[in-house]
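This is what each chain is made of:
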Amino acid sequence: AGVVWALDALHRLQPPQRRLVMRLNRLFMSEGQAGIDHFAALADTYGKEGFAVESQARYHPRPEQEGDLAAWEQYVRSATEALAGNPALVALTITNEVNLPVSENTSDGAYEGALDAIVTGTVAAQDVLVAMGREDVDLGFSYAYRYLPDQDLAFWQGIGHRATPEFHAALDYVGVQLYPGLFWPPVFAPGQT
């Protein structure tokens, strides 16, 4: 009954002449195939209801997977294939907030190899999308604006050093996630200007 109620509520939110996009995030590498299957089922449910789907493949490895980019690449390929088989998929975000190293639960920057995961994951996802004839799916990564200026600079320089022509060709967007008052602009204590 809860699922029917939620879907009915989502249909009521549908704007006229627009397609509501469901964002499915927190698809963690650490959850393996079970996580992929769960997210593919969610995407299928929303797609059958007429909604578009954007999903996010998170690096978030198990301890023994941390830094294993071959395992990450295979995971991204499997997740992309499962999700892109659904015509409702319109976008796929690879990793989450790699520039933010302070929260394992919310941001992939807390894990070794996360910068490399953006580049290898984006290229792997693009390979699968092309092979499936799904060049219509937008592909990107997300960035938390703005953590610390020097660390943000190092993040963008790190992406620049790792970027390949294949990565540049595959990248459609960078999702900027804003947290007003949390990171930027900084919150001032009473009496500060």
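Up top you'll find the structure we're talking about.
Definitions and limits used
Residues numbered from 1 in each chain as written. Predicted model: local features only at pLDDT ≥ 70, side-chain atom pairs only at ≥ 80, totals over all residues. Heavy atoms only, no water. Salt bridge = Lys/Arg side-chain N within 4 Å of Asp/Glu carboxyl O. Helix = DSSP H or I, 4+ residues; strand = E, 2+ residues; numbered from the N terminus. Buried < 20%, exposed > 50% of the residue type's maximum accessible area, 1.4 Å probe, protein only. Phe/Tyr/Trp six-rings, centres within 6.5 Å; stacked < 30°, edge-to-face > 60°. Axes fitted to C-alpha atoms, helices over the stretch in contact; angles between N-to-C directions. Parallel < 35°, antiparallel > 145°, perpendicular 65-115°, else oblique. Left-handed = near helix turned anticlockwise from the far one by under 90°. Contact = heavy atoms within 4.5 Å. Nonpolar A, V, L, I, M, F, W, Y, C, P; charged D, E, K, R; others polar. Pairing = 2+ DSSP bridges. Right-handed = clockwise from strand over helix to strand, strands pointing away.

Engineer: Could you give an account of the pattern of salt bridges, with specific residues and numbers?
Structural biologist: A full pass over the atoms with the stated rule returns 9 salt bridges. When the shortest N-O distance is used, the salt bridge between Asp8 and Arg12 registers 2.4 Å. Taken together, the residues span about one helical turn, with Asp8 and Arg12 both in helix α1 (residues 2-13) at a distance of 4 residues. For Arg77, the salt bridge is made with Glu73, and the minimal N-O distance between the two is 3.2 Å. Taken as a pair, Arg77 and Glu73 lie in helix α3 (residues 69-84) at a separation of 4 residues, close to a single helical turn. A relative accessible area of 24% places Arg77 in the partly exposed class. Since its relative accessible area comes to 29%, Glu73 is described here as partly exposed.

Engineer: Which residues make up the packing of aromatic side chains, and what values do they have?
Structural biologist: Throughout the structure, instances matching the rule amount to 10 aromatic pairs. On the basis of an interplanar angle of 65 degrees and a centroid distance of 6.3 Å, the ring pair of Phe141 and Phe155 is categorised as edge-to-face. In this pair, Phe141 sits in strand β4 (residues 138-145) while Phe155 sits in helix α5 (residues 149-162), placing the two residues 14 residues apart along the sequence. Accessibility expressed as a relative area gives 4% for Phe155, which makes it buried. Measuring from centroid to centroid gives 4.9 Å for Phe155 and Trp156, while their planes differ by 75 degrees, and the two rings are edge-to-face.

Engineer: Describe in detail the packing of helix α4 (residues 114-131) against α5, supporting the description with residues and values.
Structural biologist: How two helices pack is summed up by the angle between their axes together with the distance between the axes. Contact pair α4 / α5: the axes reach a minimum separation of 10 Å and the direction vectors enclose 45 degrees. Our classification of the angle between α4 and α5 gives oblique. When you trace α4 past α5, the crossing you get is right-handed. Contact with α4, carried on its side by Leu115, Asp116, Ile118 and Val119, involves Phe155, Gly158, Ile159 and Arg162 of α5 and no other residues of that element. Here the residues of the contact of α4 with α5 sort into 5 nonpolar, 1 polar and 2 charged.

Engineer: An account of the pairing of strand β2 (residues 52-58) is needed here, citing residue identities and associated values.
Structural biologist: Within β2, 7 of the 7 residues are buried, leaving the element largely enclosed by the surrounding structure. Here β2 shows two buried faces, one formed by Ala52, Glu54, Gln56 and Arg58 and the other by Val53, Ser55 and Ala57. Note that strand β1 (residues 21-28) and β2 share 6 bridges and pair parallel. Looking across to β2, one finds that Arg23 is bridged to Glu54. Traced from β2 through α3 to strand β3 (residues 89-94), the parallel crossover comes out right-handed.

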